[in-house]
4 protein chains.
Amino acid sequence: MNLKKIAVLTSGGDAPGMNACIRAVVKASLHFELECIGIYDGFQGLIDRKSCVLDYAVVNNVIQRGGTILGTARSQEFRTTEGRQKAISYLKELQVDGLIVIGGDGSFTGAKILGDEYDLPIIGIPGTIDNDIYGTDHTIGYDTALNTVVDAVDKIRDTASSHHRVFFVEVMGRDSGFIALNAAIASGAESVLIPEELTDIPKLAESIKTQNKGKRGSIIIIAEGDDAGDAVTIMNKVKPYLPDYDLRCTILGHIQRGGNPSAYDRIIATRMGAKAVELLREGMTDKMIGMQGDLIVISSIEDGIKKESSPDLSKLELLAQLRTKK
Amino acid sequence: MNLKKIAVLTSGGDAPGMNACIRAVVKASLHFELECIGIYDGFQGLIDRKSCVLDYAVVNNVIQRGGTILGTARSQEFRTTEGRQKAISYLKELQVDGLIVIGGDGSFTGAKILGDEYDLPIIGIPGTIDNDIYGTDHTIGYDTALNTVVDAVDKIRDTASSHHRVFFVEVMGRDSGFIALNAAIASGAESVLIPEELTDIPKLAESIKTQNKGKRGSIIIIAEGDDAGDAVTIMNKVKPYLPDYDLRCTILGHIQRGGNPSAYDRIIATRMGAKAVELLREGMTDKMIGMQGDLIVISSIEDGIKKESSPDLSKLELLAQLRTKK
Amino acid sequence: MNLKKIAVLTSGGDAPGMNACIRAVVKASLHFELECIGIYDGFQGLIDRKSCVLDYAVVNNVIQRGGTILGTARSQEFRTTEGRQKAISYLKELQVDGLIVIGGDGSFTGAKILGDEYDLPIIGIPGTIDNDIYGTDHTIGYDTALNTVVDAVDKIRDTASSHHRVFFVEVMGRDSGFIALNAAIASGAESVLIPEELTDIPKLAESIKTQNKGKRGSIIIIAEGDDAGDAVTIMNKVKPYLPDYDLRCTILGHIQRGGNPSAYDRIIATRMGAKAVELLREGMTDKMIGMQGDLIVISSIEDGIKKESSPDLSKLELLAQLRTKK
Amino acid sequence: MNLKKIAVLTSGGDAPGMNACIRAVVKASLHFELECIGIYDGFQGLIDRKSCVLDYAVVNNVIQRGGTILGTARSQEFRTTEGRQKAISYLKELQVDGLIVIGGDGSFTGAKILGDEYDLPIIGIPGTIDNDIYGTDHTIGYDTALNTVVDAVDKIRDTASSHHRVFFVEVMGRDSGFIALNAAIASGAESVLIPEELTDIPKLAESIKTQNKGKRGSIIIIAEGDDAGDAVTIMNKVKPYLPDYDLRCTILGHIQRGGNPSAYDRIIATRMGAKAVELLREGMTDKMIGMQGDLIVISSIEDGIKKESSPDLSKLELLAQLRTKK
């Protein structure tokens, strides 16, 4: 096949660095004299026939901006055969020879089904703050989100110390504990609760007591997907064990999704974007791009969808070693 | 009276810049060869007899740190005559000739009663993120909190734009709308709800509709003290008017209290701290220090307690002018 | 006169908050159904006939961006009668009924001459990081630049402390010491050199010696316009007095001009921009807008040009009080 | 041998994250009931007999602070046999059973010689912003420095765009181009000059011309060790080729060494610190700890000293692909 025109879309939750990735896709495409089409609002944009031509001007000065200039959405309609038929019909009309999908595993599933129903080369780039994708050490947006969380916890630590309070801080991550576990290490949190480990409330309460001796305040990081419930629920479960403690709860919320991407996220986003164009030029399809250390690695998009990724649980032992022992 | 020894405490909610203020109190005291005692945990520390000698080493490298190295608390016991007798007895024992109280109007009330019951020169320095104190344009911590809020809203804007969402962002401020109103201007928010203005839900819904045309997402800033309820309540009241909109809510919470103080907060904190020592040296009492523009002003601490301060409501008209008109 | 169309330009050095100001000018203009024209690259753009129509889309999402979307320049040609004739001819052609100039005193001089030679209502808005304009407590960009400097000095303090070094840090400010003096207070610098005070090298050396006792590193802030020369020159003059010290020099440079504007800069920029449109609507001309505390004030643009503004030198005494005394 | 007491020191240039690493060494030591001694000011502190006992209180609240609480220095005296004899004599007196050295390759060389002359188990942890150490993907401090550089270049981009200027930005990295090359990718710089590639001035000038078409300003990142000289020299060499361009130069300087460490630097610092204690407990010596992706790896300290590490030069091709093509 002679590659002449490619399309790119962002899908699922937005993540900082998506714009840096779009920029790299566009610039690498133009470098190799390919036309580059941007699809608005993820797969829904294919159904709604919303797209634009991407050129140098559009991606000028976006490398440092959070969010995605193409917009993103979670499309129910695309889960139906009718929806996808509309999408395929629009892709045909656009005459694109390849599609780059930047998003999480849900987006990869959509891409895979599309590729199965319409013979179009598809490359997936992992973009999600949750870092829960097999085949890559890090997803685009994760490093920025982690820094946002750690920066927020530093601020909360100021007030926790000043008031001798115990803060339960809920962070994002869907079903996985990547953000929570690593933010706990980076912020020097006294405890962390993640979905990958069963939460033991009495033990948590005991640990808070021990940790708090001689200290001015404690931080407990809670992954939103924890088995014991959300941060408020967990705080209320702990309360009876610690009647004399000033317990507080804060849910970091959507600030974790935005912000200027970190240097690392911009670098991997840029590298992955250019690589995706290269893979399409080489005639590949159904591949996912990932990072292993400083190396770019290629795996099947199917692995990205089906295989699980989970954080290194030996970090829980590390945290245990770092606890104040009295 | 011959001033030889002074004490300083921080009280009420902690605010960024309190440490810069303590540092200035200590350094100015030592410059004039006064001893300086730090009381821990606000007025409660007087009751619990917790204090330390403050010297250069203690305040080295704290100008840039959030929170308060002295700790702070809201003391119930100090509201009783017995509690205050313990506090006075400790002050006598410490032989301090003057007391500097850094905090909000509640703290000033405590200081005033103490000064009435025990003849001790007292100077109040306004330290609270809420900016709700009469007699000063700005309180210590307000500028930092405002920047933290604006930075957070910038991040939320990224994701609001990417997903075409309407975000209801709840910010601090207790009964006053300073943070909310000024953050709304600084972040380009589409609407703001503050306690000083009656909230009109149908009008808000209408405005969201108008603003959202051709735009990718809207931000509504909500002061925690708004008459229509908290952000979740307000969002739920708006929902029936906007069934097709993707409405989201986020409560910024305690990140607003912490963080490295801004340049402005460090400057006014430093100036006020040194000024407080000067006022004690001049034999003044029951005074509150404030800023008017770039000038330091002195008022009675009673004014700081009794008179109201509220944001400039003409800024609501300004916001109306800035709205997209369709 | 019936005001229908206004123009806005940014001139001189760029300053963070200029975009927030342009945005407010545009939005307030459209609110009052005025057309708004943007002139590119300051007065040079009038000569080169470069302009654009400013509407909601252009100023969407620029409130938080540093620099100026209109560009800026220092125009030699505009200093000639021929140059200005070209500019006037273009203004006539554009049929604008008023001009808003955002810039420093040099830009105001240009605006004033233009207003004298061509009968056009002109309003000046002080936009410069240097804060050296009479008639306003603060200029747009100053607060952001101050925060950038303080943040940089915090970083340099880390390495100064770790290595026991004395750092000479040169900051911007042209002929004035606003940034240097206030950054010195906010960063806890050991000394500051500003153009408004004669520099005494032996005294500086002596002070460094005293300050450094028991401390791990010192910071000397130097205004670029200091009478004793630039930071390298000053360091070399100090060196013979302190042969055993590890002296280092760093020039902060152009990072001081950029960056996302602070909350304060966005607020005053927004207020001033809307006010400028109001003044034109009221038929005023040759006025400059300023801030006094939290109040907007109006003065003649001539005062802004001719009268001097200088920092509060009592802050030097404050710094002296804050020095470690041994 | 029965491990009872260990010592830790930081050496060479300071790097953000060193404190997080010291904290982990201390906490892991105490967890395993080992005494932990901190040596001040690197190897010089061994000669000067300056040390302290490290306990929980000392490392409380330091994880987020730049610099090193132990101080660091480059010691000439330690390069002499006499100097090292003093150091060894102090180590004997302290009765430490193992030494952890956090620093760059120069520090590792010192550690190795010490370990050869005095039979003491030694573990090296790579701490330097330059990232130029074999055996690890990343050194402690590199990620923070990279983010500081990228943040600064974002700011400079604002003013470069506003004034249509070409900025030559010099960054740290000693003899290696890690920071420059990766910062160039992350900041969307138009060109980069690194020591690992011969600089071709006419080609650079040509590229600036091409890049600048239709763009508002360009950024050229220059590694301090580049073969064509420092940023000022290079700018002056380019000038004759581009007489009509507004060329500017800025040297980022020491801000690159300081600042709160990034999440990533805190995590690897913490992991490496705890690992170093583990290795000493296992009886290992002359090892260096490194990161490969998310995995901790162990190599001989000799490799860290003798083998070279250089950035992935295929990133230069990536940058070429990202250039605007006209």
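Predicted model, so just to flag it, every value in this text is computed and none were measured.

### Overview of the overall build of chain A
Thought 1: Broken down by element type, chain A carries twelve helices and eleven strands.
Thought 2: Across its three principal axes, chain A shows a C-alpha extent of roughly 70 × 35 × 30 Å.
Thought 3: A burial count over chain A gives 65% of its 326 residues as buried.
Thought 4: For chain A, restricting intrachain contacts to residue pairs at least 6 apart in sequence, the fraction spanning at least 24 positions comes to 76%.
Thought 5: Entry remark: accessible area of chain A is about 11000 Å², with carbon and sulfur atoms responsible for 47%.
Thought 6: In chain A, 37 side chains carry a positive charge and 44 a negative one; their mean positions are 4 Å apart.

### What to know about the UniProt feature "binding site: ATP" (unreviewed entry) in chain A
Thought 1: Per the UniProt record, the feature "binding site: ATP" (unreviewed entry) sits at G13, R74, S75, G104, D105, G106 and S107 of chain A. For this annotated set, covering 95 residues, all C-alpha atoms fall within 14.0 Å of each other, a compact arrangement in space.
Thought 2: Mapped onto the elements of the fold, G13 of chain A is located in the loop between β1 (5-10) and α1 (18-31).
Thought 3: Here G13 of chain A falls in the buried class, since its relative accessible area comes to 12%.
Thought 4: If we skip the residues at most four places from it in the chain, G13 of chain A touches M18, R74, G127 and R257 of chain A together with H163 of chain B.

### A look at the relation of the copies chain B and chain C
Thought 1: Between chain B and chain C, the superposition needs a rotation of 180 degrees and an axial shift of 0.0 Å, giving an RMSD of 0.0 Å. Both copies are brought into coincidence by an operation consistent with a two-fold rotation axis. Using C-alpha coordinates, one finds that chain B approaches the rotation axis most closely at G293 of chain B, a distance of 1.7 Å.
Thought 2: When the interface residues of chain B are mapped onto chain C, 100% of them again fall at the interface, so both copies present the same face.

### Here's the deal with the packing of helix α7 (residues 178-187) of chain C against helix α12 (residues 314-322) of chain C
Residues and elements named next belong to chain C.
Thought 1: At their nearest, the axes of α7 and α12 sit 11 Å apart, and the two run at 25 degrees to each other. As judged from the angle between their axes, α7 and α12 are roughly parallel. Note on packing geometry: the crossing formed by α7 with α12 is left-handed. Along its contact with α7, which presents L181, N182, A184 and I185, the element α12 presents K315, L316, L318 and L319.
Thought 2: A per-class count over the contact of α7 with α12 returns six nonpolar, one polar and one charged.

### Some thoughts on the pairing of strand β10 (residues 287-292) of chain D
Residue and element names in this part refer to chain D.
Thought 1: Taken together, the two bridges between strand β5 (residues 122-126) and β10 define a ladder with parallel strand orientation. Bridged to I123 within β10 is K287.
Thought 2: Across six bridges, β10 lies against strand β11 (residues 295-300) in antiparallel orientation. Residue I289 lies in a different strand from β11, and its bridge partner there is I298.
Thought 3: In this antiparallel pair of consecutive strands, β10 and β11, the connection spans two residues, and G293 shows a positive phi of 60 degrees.

### A word on the nonpolar core
Thought 1: Counting residues in each nonpolar core, the largest one holds 290 residues, and the members touching the most others are I100 and I221 of chain A, I100 and I221 of chain B, I100 of chain C together with I100 and I221 of chain D.
Thought 2: If we ignore the near neighbours within four places in the chain, the residues touching I221 of chain D are V153, V169, V171, A180, A184, S187, A189, S191, V192 and L193 of chain D.

### Focus: the sheet that holds strand β9 (residues 246-251) of chain B
All names here are of chain B.
Thought 1: One open sheet accounts for four strands, arranged β7-β8-β6-β9; its pairing is parallel. Taken across any chain shown, the strands that pair with only one partner, and hence form the sheet edges, are β7 (191-193) and β9. Put simply, the sheet's adjacent strands are angled 20 degrees from each other on average, direction ignored.
Thought 2: With six bridges connecting them, strand β6 (residues 165-171) and strand β8 (residues 218-223) associate as parallel partners. Counted as the bridge partner of V169 is I221 from β8.

### A short note on the environment of V59 of chain D
Residue and element names in this part refer to chain D.
Thought 1: Position of V59 among the secondary structure elements: in helix α3 (residues 56-59).
Thought 2: Put simply, V59 and I69 are ten residues apart on the chain and 8.8 Å apart in space, counted from C-alpha to C-alpha.
Thought 3: Not counting the four nearest positions on each side in its chain, V59 is found in contact with I22, R23, V26 and K27.

Calculation notes
Residues numbered from 1 in each chain as written. Chains lettered and ligands numbered in written order. Predicted model: local features only at pLDDT ≥ 70, side-chain atom pairs only at ≥ 80, totals over all residues. Heavy atoms only, no water. Helix = DSSP H or I, 4+ residues; strand = E, 2+ residues; numbered from the N terminus. Buried < 20%, exposed > 50% of the residue type's maximum accessible area, 1.4 Å probe, protein only. Contact = heavy atoms within 4.5 Å. Areas by Shrake-Rupley, 256 points an atom, 1.4 Å probe, with all protein chains shown as cover. Lys, Arg positive; Asp, Glu negative; His and termini not counted. Charge placed at Lys NZ, Arg CZ, Asp CG, Glu CD. UniProt positions renumbered as here; feature names shortened; annotations may be inferred. Least-squares fit on C-alpha atoms with pLDDT ≥ 70 in both. Axes fitted to C-alpha atoms, helices over the stretch in contact; angles between N-to-C directions. Parallel < 35°, antiparallel > 145°, perpendicular 65-115°, else oblique. Left-handed = near helix turned anticlockwise from the far one by under 90°. Nonpolar A, V, L, I, M, F, W, Y, C, P; charged D, E, K, R; others polar. Pairing = 2+ DSSP bridges. Core = buried A, V, L, I, M, F, W, Y, C linked by side-chain atoms within 4.5 Å.

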